[in-house]
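Structural overview
The residues making up each chain are set out below.
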Amino acid sequence: MMQGDSDLILEKEVSNNRWSIRPCQLYKEEYKDCKSIKGRFHQYFVHGDSLDCSSWEHDFENCLKYEKNDDLKAAKNVIDSEASRRKERMKAHYENNIWTKRANPPEDWAKPLPDHLNQQYENSFLDLKSKEMRGIPISPEAATNSSLQSASFCTIM
């Protein structure tokens, strides 16, 4: 494979996965949060030890290289780092063998609500706003009998 071919492949891979690169400032904030006392306390509480924060620092530096110099290798490094974070975050989900995953939603997923829930929904704030957004006229008694109108609110001044 020639150098030009590998550059084209790299460029295509970066353009297809550019969505996964966060704004550079977020990498800097994640690094600062990771190194902070609060972050270290959280890491110790959750993981039992301090975590290595260098990946956030490397991602910040690579992100800047990509933004300022259009460095595709730096972008690829950030994309790979984000993919590994996503994989680690979803690891428990994919390894879960307790629940059987559905291929389709249940057949009756869109069935009407029971009568008692429909009665609670009727003339609620959500119902009135829904009608308002769809342009359906709202009767004045429905607006005054709304659950929000009859509710008691406490205001602290």
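Residues numbered from 1 in each chain as written. Predicted model: local features only at pLDDT ≥ 70, side-chain atom pairs only at ≥ 80, totals over all residues. Heavy atoms only, no water.

Worth spelling out the cut-off: UniProt positions are given in the numbering used here, feature names are shortened, and annotations may be inferred rather than shown by experiment.
Per an unreviewed UniProt entry, the protein chain goes by Synaptic plasticity regulator PANTS and derives from Clunio marinus. Here the protein chain is described in UniProt, under the heading Subcellular location (unreviewed entry), as follows: "Synaptic cleft". Entered under Sequence similarities (unreviewed entry) in the UniProt record, the comment concerning the protein chain runs "Belongs to the UPF0545 family."

**A look at the pattern of salt bridges**
The line we're drawing: Salt bridges, as used here, are contacts in which a Lys or Arg side-chain nitrogen is within 4 Å of a carboxyl oxygen on Asp or Glu. Helix numbers and strand numbers start at the N terminus; a helix is a DSSP run of H or I with at least 4 residues, a strand a run of E with at least 2. In this scheme, a residue with accessible area under 20% of its type's maximum is buried, one over 50% is exposed, and one in between is partly exposed, where area comes from a 1.4 Å probe on protein chains only.
Inspection of the entire model under this criterion finds nine salt bridges. The partner of Arg 85 in a salt bridge is Asp 59, with the nearest N and O atoms 2.6 Å apart. Highlighted residues: Arg 85 in helix H5 (residues 72-95) and Asp 59 in helix H4 (residues 54-69), separated in sequence by 26 residues. Here Arg 85 and Asp 59 have matching classes, each one buried. One salt bridge in this structure joins Lys 76 and Asp 80, with 2.8 Å as the shortest N-O distance.

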